[in-house]
Amino acid sequence: MLKLENVETYYGNIHALKNISLEINDGEIVTVIGANGAGKTTTLKTICGLVRASSGKIYFKGIDITNHDTADIVEAGIAMVPEGRRIFPRMTVLENLQLGAYLNKNRAEIKKDMERVFELFPILKDRLKQIAGTLSGGEQQMLAIGRALMAKPKLLLLDEPSMGLAPMIVQNIFDIIKEINRKGTTILLVEQNAQMALSIAHKGYVMETGNIVLQDTAENLLCNEKVKKAYLGE
Ligand code: ATP
């Protein structure tokens, strides 16, 4: 479904992605783990066309999307849930969800899609009129994921959904990510919480200072000595 081939990204002189190659198959949950500043967010932004790849190729369903406009990439079927949620805090829950569906002009379809979001996140239905900035952190994360799902992505990019949330809420969010995947959406999950990410992923990549240093099944990464020491606190 998604293939990155030798992707390089710079911020001025900072070489943020160094020869990154990765592959995600249809139906998978793939995680990229790594410390702060490793290049995980930049990987997602480069896929979405939010920052430019200076070289390398990105293919989505076999089509070259490298450095295409973000709007075209969303239309092709990729949606991102950004780090720190980035919901529209002064708008209502309903308005945030409607904005996620901005590509869709069919009201009946939008309503159906929203019902599907409510099946995953019933709390959002109870809070439709609430100003989004007054939701709890966990609810805002749910709204950010719900908003992305309103674009009906084939591939959902999630940037640190566990950030700043209590362990119980994190578990809840990860159960829902698994459910979204079970219902047919492929997922690329970027996380500092390696334990949680590897517990739901099929496959994982480890990033260090702009490089992919390790890749394997999630199961193997969970018992890899280096991963255990560096990322699982064992
Ligand atoms: P985090 O978990 O903190 O988001 P990350 O693994 O996602 O970390 P990136 O945010 O992708 O890492 O950052 C990769 C490198 O690029 C870091 O050295 C970071 O300082 C640098 N960087 C990120 N964004 C910018 C920017 N807008 N301008 C300049 N440098 C940047």
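Residues numbered from 1 in each chain as written. Predicted model: local features only at pLDDT ≥ 70, side-chain atom pairs only at ≥ 80, totals over all residues. Heavy atoms only, no water.

Caption draft 1: Spotlight on the pattern of salt bridges. Using the criterion set out here, one finds 14 salt bridges in the structure. One salt bridge connects E5 with K3, and the closest N-O pair in it is separated by 3.7 Å. Overall, E5 belongs to the partly exposed group, its relative accessible area being 29%. For K152, the salt bridge is made with E109, and the minimal N-O distance between the two is 3.1 Å. Here the residue K152 occupies a position in the loop between α6 (137-149) and β7 (155-159), and E109 occupies one in helix α4 (residues 107-120), the gap between them amounting to 43 residues. E109 sits in the partly exposed class, given a relative accessible area of 32%. When salt bridges with common partners are traced through the structure, they connect E109, D113, R116 and K152 into a single cluster. (Salt bridge = Lys/Arg side-chain N within 4 Å of Asp/Glu carboxyl O. Buried < 20%, exposed > 50% of the residue type's maximum accessible area, 1.4 Å probe, protein only. Helix = DSSP H or I, 4+ residues; strand = E, 2+ residues; numbered from the N terminus.)

Caption draft 2: Representation of the side chain of T66. Counting through the fold element by element, T66 comes out in the loop between β5 (63-64) and α2 (70-76). Here I58 takes part through its backbone nitrogen, which lies 2.8 Å from a polar atom of the side chain of T66. Dropping the residues within four chain positions of it, T66 is found in contact with A53, G56, K57 and I58. (Polar contact = N/O pair within 3.5 Å; in protein donor to acceptor, adjacent residues only side chain to side chain. Contact = heavy atoms within 4.5 Å.)

Caption draft 3: Local environment of a nonpolar patch on the surface. Taken together, the side chains of F88, M91 and L99 define a hydrophobic patch exposed on the protein surface, amounting to about 230 Å² of accessible area. With respect to the element layout, F88 can be found in the loop between β6 (78-81) and α3 (93-100). (Patch = residues over 30% accessible without salt bridge, like charges linked within 9 Å, V, L, I, M, F, W, Y side chains within 5 Å. Areas by Shrake-Rupley, 256 points an atom, 1.4 Å probe, with all protein chains shown as cover.)

Caption draft 4: Spatial organisation of the site of the ligand. Close to the ligand lie 14 residues; N36, G37, K40, T41 and T42 are nearest. With respect to the ligand, the backbone of G39 contributes an N or O atom lying 2.8 Å from an oxygen atom. Here an oxygen atom of the ligand and a side-chain polar atom of T42 are 2.5 Å apart. In the complex, the protein chains occlude 65% of the 630 Å² of accessible area that the ligand would expose alone. Of all the elements in the fold, those that place two or more residues in the shell around the ligand are β2 (14-24) and α1 (40-47). (Near = heavy atom within 4 Å.)

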